[in-house]
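Secondary and tertiary structure notes
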Amino acid sequence: MTQTTPEAPVRRQRAQVKVRTLRTDRWWLAPLVTFLGLSSFLVYGVWAIIDNSYFVDPYIAPFASPCLASSCPEGARLFGWAPFGDWYTLPPGLLILGLPGGFRLTCYYYRKSYYRSFWLSPPACAVQEPHGKYTGERRFPLILQNIHRYFFYAAILIGLVLAYDAVLALVHKPLGLGTWILVINAVLINMYTLSCHSCRHITAGRLNHFSRHPLRYRAWTFISKLNAKHQQLAWASMFSVMIADFYVRMVAKGIIAFPFA
């Protein structure tokens, strides 16, 4: 009786597609809009940092808060503190720029956004990227994205400071338009911060039994609902902080001046 050997499986090669993509829709529109939106935020941020018109009582521009240098107007200082003293002569916004900036830079959603829109890695689904190899976030500098959780702790503090600024404005000028702009911005900033994936994990991500931790489970449930809107909150808070900051600076410069400013 002769034995028959099974036939070797046929190896199928991947389709050799020589064009960049077979998509016929406007796949380039989303990365383009994202590129323009993020670029506008970066350009505005650079201008805001070097601009000195950031305070008009009781409003302080979010990009300059907390103001911790002696060069800050007395009313702009957080609890009257000036821990950096007279030796610091650079714009006060530079002192805290790295905290909210680092939080957004390492944010999971923003990573996807600028990887696709700035680095084209990849620009869209089913679209070939121009890079020859992929190493992920295992090498410098992208391995630094792993410190996102620590930027989250700093962002919590910044969010509380902005909420404090909004409450002060609400107490001293409840009918001011700038007051409600600052209030809305503080709400959006804190909602974006709490919707962070790291916050969701810290709240109850390592629990094996939700039933043993009912309070943490409730917090996790609430943050999970926010997390589902993380992308929308990222964009809403990005534009709200620009609008709030710009408005305060225009009032401080005297460009916006009316009874309810």
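Residues numbered from 1 in each chain as written. Predicted model: local features only at pLDDT ≥ 70, side-chain atom pairs only at ≥ 80, totals over all residues. Heavy atoms only, no water.

1. What to know about the overall build of the protein chain
We count it as follows: The helix and strand labels rest on DSSP assignments: H or I over at least four residues marks a helix, E over at least two residues marks a strand, and numbering proceeds from the N terminus. Radius of gyration here is computed from C-alpha atoms only, and the compact-globule reference equals 2.2 Å multiplied by the residue count raised to the power 0.38. Summary of the burial criterion: residues with accessible area below 20% of their type's maximum are buried, those above 50% are exposed, and those between are partly exposed, where the area comes from a 1.4 Å probe applied to protein chains only. By the convention used here, residues are in contact when the closest approach between their heavy atoms is within 4.5 Å. Note on charges: Lys and Arg go in the positive column, Asp and Glu in the negative column, and His and the chain ends are not counted at all. Here the site of a charge means atom NZ of a Lys, CZ of an Arg, CG of an Asp or CD of a Glu.
Helix and strand counts for the protein chain stand at 8 helices and 2 strands. Start at the N end of the protein chain and walk to the C end: the helices and strands fall as α-β-β-α-α-α-α-α-α-α. For 261 residues, the compact-globule formula gives about 18 Å, and the C-alpha radius of gyration of the protein chain, at 24 Å, lies well above that figure. Projected onto the principal axes, the alpha-carbon positions of the protein chain cover approximately 100 × 50 × 35 Å. Scored against the burial criterion, the 261 residues of the protein chain give a buried share of 40%. Contacts spanning at least 24 positions in sequence make up 70% of the contacts within the protein chain whose residues lie at least 6 apart. Considering the protein chain, the positive charge centre built from 26 side chains and the negative charge centre built from 10 side chains are found 14 Å apart.

2. With respect to helix 4 (residues 148–172)
In plain terms, the rule: Multiply 1.5 Å by the residue count of a helix minus one, and that product is the helix's expected span.
The terminal C-alpha atoms of helix 4 lie 36 Å apart, and with 25 residues this matches the ideal 36 Å at 1.5 Å per residue to within 8%. All buried positions along helix 4 are accounted for by His 148, Phe 152, Ala 154, Ala 155, Ile 158, Gly 159, Val 161, Leu 162, Asp 165, Ala 166 and Ala 169. In this fold, the buried residues of helix 4 make contact with strand 2 (59–60), helix 2 (94–105), helix 3 (108–117), helix 5 (177–194) and helix 6 (197–204).

3. Examining the layout of surface pockets
In plain terms, the rule: Whether a set of points on the 1 Å grid over the protein atoms alone is a cavity depends on a 1.4 Å probe fitting there but being unable to get out, while an open set qualifies as a pocket with protein on both sides within 12 Å along at least five of seven lines; lining residues are those with an atom within 4 Å of a point. Grid points are joined across faces, edges and corners, and a volume is the space filled by probe spheres set on the points. Three classes are used, and their members are as follows: Ala, Val, Leu, Ile, Met, Phe, Trp, Tyr, Cys and Pro are nonpolar, Asp, Glu, Lys and Arg are charged, and the others, Gly among them, are polar.
Space inside the largest pocket adds up to approximately 670 Å³. Residue lining of the largest pocket: 30 residues in total, with Phe 41, Leu 42, Pro 100, Gly 101 and Arg 104 positioned closest to the centre. If you list the elements that add at least two residues to the lining of the largest pocket, you get helix 1 (29–50), helix 2, helix 3, helix 4, helix 5 and helix 8 (230–252). A per-element tally of the lining of the largest pocket places helix 2 first, with 8 residues. Of the residues contributing to the lining of the largest pocket, the split by class is 23 nonpolar, 6 polar and 1 charged. Counted as a void, the second largest pocket has a volume near 390 Å³. In terms of lining residues, the second largest pocket is bounded by 17 residues, among which Trp 119, Ser 121, Tyr 134, Gly 136 and Leu 142 are the most central.

4. Side note on the environment of Asn 146
The criterion, for reference: A 3.5 Å cut-off defines polar contacts: any pair of N or O atoms within that distance qualifies, except that in protein one atom must be a possible hydrogen donor and the other a possible acceptor, and neighbouring residues in sequence count only when both atoms are side-chain atoms.
Mapped onto the fold, Asn 146 is located in the loop between helix 3 and helix 4. Taking relative accessible area as the criterion, Asn 146 reaches 54% and is therefore assigned exposed. Sequence separation between Asn 146 and Thr 21 is 125 residues; the distance between their C-alpha atoms is 32 Å. A polar side-chain atom of Asn 146 sits 3.0 Å from the main-chain carbonyl oxygen of Ile 143.

5. A look at the state of the cysteines
Stated formally: Throughout, disulfides are identified as pairs of cysteine sulfur atoms within 2.5 Å of each other.
In the structure shown here, the tally under the stated rule is 1 disulfide. Note on cysteine connectivity: Cys 67 is disulfide-linked to Cys 72, with sulfurs 2.0 Å apart. Around the S-S axis, the bridge from Cys 67 to Cys 72 shows a dihedral of about -85° and counts as left-handed. For the pair shown, Cys 67 and Cys 72 are each scored as buried. With no disulfide of its own, Cys 107 lies 6.3 Å from the sulfur of Cys 196, the closest cysteine sulfur.

6. A look at the packing of aromatic side chains
For the record, the criterion: Under the pairing criterion, centres of Phe, Tyr and Trp rings, with the six-membered ring standing for Trp, must be within 6.5 Å; the plane angle then separates stacked pairs below 30 degrees from edge-to-face pairs above 60, leaving the rest tilted.
All chains considered together, the criterion is met by 23 aromatic pairs. Between Phe 79 and Trp 81 the ring centres are 5.2 Å apart and the planes differ by 70°, which places this aromatic pair in the edge-to-face class. Between Trp 87 and Tyr 88, the aromatic rings sit 5.8 Å apart at their centres with planes inclined by 90°, giving edge-to-face as the arrangement. Of the aromatic side chains, those joined through ring pairs into one cluster are Phe 103, Tyr 109, Tyr 110, Tyr 150, Phe 152, Tyr 153 and Tyr 192.

7. Digging into the side chain of Gln 145
Summarising the element assignment, Gln 145 is placed in the loop between helix 3 and helix 4. Apart from residues lying up to four places away in sequence, Gln 145 is in contact with Leu 105, Thr 106, Arg 111, Tyr 114, Tyr 115 and Glu 137.

8. Considering unusual backbone geometry
For the bond from Ser 65 to Pro 66, the omega torsion is 5°, close enough to zero to count as cis. Along the polypeptide, Pro 66 turns up in the loop between strand 2 and helix 2. Between Phe 140 and Pro 141 the backbone carries a cis peptide bond, its omega angle lying at 10°. Structurally, the position occupied by Pro 141 is in the loop between helix 3 and helix 4. In this model, Phe 79 sits at a positive phi of 60°, which is unusual for a non-glycine residue. Assignment of secondary structure puts Phe 79 in the loop between strand 2 and helix 2. Backbone geometry places Ala 126, a non-glycine residue, at a positive phi of 65°. Secondary-structure assignment places Ala 126 in the loop between helix 3 and helix 4. The exposed category is assigned to Ala 126, whose relative accessible area is 64%.

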